[in-house]
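Here's the letter readout for the chains.
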Amino acid sequence: MTVTVRDLRPDDRADVEAFARVRHLALPYILWTPDAITHRLAHTHPDARFASLVAEEDGEVIGTAQVQLAHDSPEPGQGMLNIYVHPDRTRRGAGDLLVRAAEKHLTEHGATKLYAWVLDEPANRAFAERHGYRAARAAHFLRLDLTTGVLPPLQSPPPGVELRTAADLADDPRPMFELDAATTQDEPSDVDTEFTDYENWIEENWKHPLLDRELTTIAFVEGRPAAFSVAWTDAATGRYATAMTGTARAHRGRGLAKLAKNDSLHRARAAGYTRAFTGNDSGNEPMLAINKWFGYEICASEVRHVRELG
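Keep in mind it's a predicted model, so treat the numbers as computed, not measured.

A. Here's a closer look at the overall build of the chain. Secondary structure assignment for the chain yields 8 helices and 12 strands. Here the chain has a C-alpha radius of gyration of 20 Å; the compact-globule value for 310 residues is 19 Å, and the two agree. For the C-alpha atoms alone, the extent of the chain along its principal axes is close to 65 × 40 × 35 Å. The buried share of the chain, reckoned over its 310 residues, is 51%. Contacts in the chain between residues at least 24 apart in sequence constitute 72% of all its contacts with a sequence separation of at least 6. As displayed, the chain offers around 14,600 Å² of accessible surface, 47% of which is attributable to carbon and sulfur atoms. Mean positive and mean negative side-chain charge positions of the chain (35 and 46 charges, respectively) differ by 4 Å.

The following block contains the structure:
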C-alpha cells in the first residue's frame, strides 16, 4: 500500500467531505464542514499562500494538512502547519509525508520559523519532536453539554450597555471589524497579528459559512461595540462554538465579555444547539475560570511547537 500527498480538490465534494471527516475524527472539538473548508481555501488572503493537502492511501484520504504564512504579522517569515491523520490510519507514513510537503511549501515562500499545534499526547508530541519541533506553550479545548448543563442566569446589562447581535450590523460591519482587530492584537499568541485589510476581513470572516450572526452577541457602550462573543454553528450536528471572545481595552474589568457570552449561550440553547465548544490558552487563567463558571470542562489539550530553520 502506497501513501501519496496531493492538494485538496476543492471542486470535488467527495474529496472535501473526506478531508472534513478525517479532521472531525482527529479533532472533534472544532467545527469542520465542507463549506467552511472550501471557503477558507477560496478566501484566505493570497499573501498567506494558504494550502490544504491530503495524504491518500489506495484512494482513501487518511491524512490532512493546512498550511499558511502569517501574512498579517509584522514579523515576516513565520509559517504555520497543522497536520492531522485519521486516528485508525496512523503509522503508515502519512504524517511524515505531509510534514515534508508542508515544510517545502512554506520554505519555498520564505518561511524561516514554523509553528504547529500538536495534541498533548505522548505519540503526537514525540512525532513533532522527531521532526525537529520543540514544545512552546499549551492550550485547552473545552466542552459544554447544553442539554444537561446549567448555565448561569441571564443578567440585565448595566446602565449605558446594550446587548445586540452581529445581524444588527449587516449594513455596516466595520465597527465589528475594528473591535475584532483590537481584541485579536491583544490575544496571547506566539505570532502577533494585525488586522488592517477590511475587505479581506469581510470575505474571510464576515462571510464565513459557520459565522452565526444571530447568535453572535455584542455589548455596545454609548453606541459603539465594546465586547463580543462570536458564535460559529453547525446546524446539521447541533454544535456551537465560541470563535472569539474579547473586550476593547477601555472597557475591560466590567464583565462585558462574560455578559455577551452568557447571552449567546442561552440563545444557542434556546435555538436547539446541544453541544458548545471553546478554546482556552493555558496561560490565561482568568478566562479559564470564566469558562468553568459557564460549566465548560476541559476535554483535550494541545501544545504549540516551533521549529526555527537555520
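B. Seen up close, the sheet that holds strand β12 (residues 297-308). The strand order across the open sheet formed by 12 strands is β1-β2-β3-β4-β5-β12-β6-β11-β10-β9-β8-β7, and the pairing between neighbours is mixed. Whereas interior strands pair on both sides, the edge strands pair on one side only; in this sheet they are β1 (3-7) and β7 (161-165). Strand-to-strand twist in this sheet, taken as the mean axis angle between neighbours without regard to direction, amounts to 25 degrees. One ladder, built from 9 bridges, connects strand β6 (residues 134-145) with β12; its direction is antiparallel. From the neighbouring strand, L142 faces β12, where its bridge partner is I298. Helix α1 (residues 13-26) rests against β1, β2 (51-57), β3 (60-69), β4 (78-85), β5 (113-119) and β10 (239-247) of the sheet, and its axis sits at about 85 degrees to β3. Most of the contacts of helix α3 (residues 94-108) go to β4, to which it runs at about 160 degrees, and overall it touches β1, β2, β3, β4, β5 and β12.

C. A look at the environment of D88. By the secondary structure assignment, D88 is in the loop between β4 and α3. Residue classification places D88 among the exposed positions, given a relative accessible area of 56%. For the pair D88 and L25, spaced 63 residues apart in sequence, the C-alpha to C-alpha distance is 9.3 Å.

D. Inspection of the side chain of H45 at higher detail. With respect to the element layout, H45 can be found in the loop between α2 (34-43) and β2. At 3.0 Å, the side chain of H45 forms a polar contact with the backbone nitrogen of D47. Sequence-distant contacts of H45, that is, excluding residues within four places in its chain, are made with H71, D197, N200 and E204.

E. View of the environment of G149. Its location among the elements puts G149 in the loop between β6 and β7. Here G149 falls in the partly exposed class, since its relative accessible area comes to 23%. Taking the C-alpha atoms as reference points, G149 and E60, 89 residues apart in sequence, are found 38 Å from one another.

F. Quick peek at helix α7 (residues 256-270). In this model α7 runs 21 Å from its N-terminal to its C-terminal C-alpha over 15 residues, within 8% of the 21 Å that 1.5 Å per residue would give. Burial within α7 is extensive, with 11 of its 15 residues counted as buried. Taken together, the buried positions of α7 are L256, A257, L259, A260, K261, N262, D263, S264, L265, H266 and A268. Positioned one or two residues after α7, G272 has a phi angle of 100 degrees, which is positive.

Basis of the calculations
- Residues numbered from 1 in each chain as written.
- Predicted model: local features only at pLDDT ≥ 70, side-chain atom pairs only at ≥ 80, totals over all residues.
- Heavy atoms only, no water.
- Helix = DSSP H or I, 4+ residues; strand = E, 2+ residues; numbered from the N terminus.
- Rg over C-alpha atoms; globule rule 2.2 N^0.38 Å.
- Buried < 20%, exposed > 50% of the residue type's maximum accessible area, 1.4 Å probe, protein only.
- Contact = heavy atoms within 4.5 Å.
- Areas by Shrake-Rupley, 256 points an atom, 1.4 Å probe, with all protein chains shown as cover.
- Lys, Arg positive; Asp, Glu negative; His and termini not counted.
- Charge placed at Lys NZ, Arg CZ, Asp CG, Glu CD.
- Pairing = 2+ DSSP bridges.
- Axes fitted to C-alpha atoms, helices over the stretch in contact; angles between N-to-C directions.
- Polar contact = N/O pair within 3.5 Å; in protein donor to acceptor, adjacent residues only side chain to side chain.
- Expected span 1.5 Å × (residues − 1).

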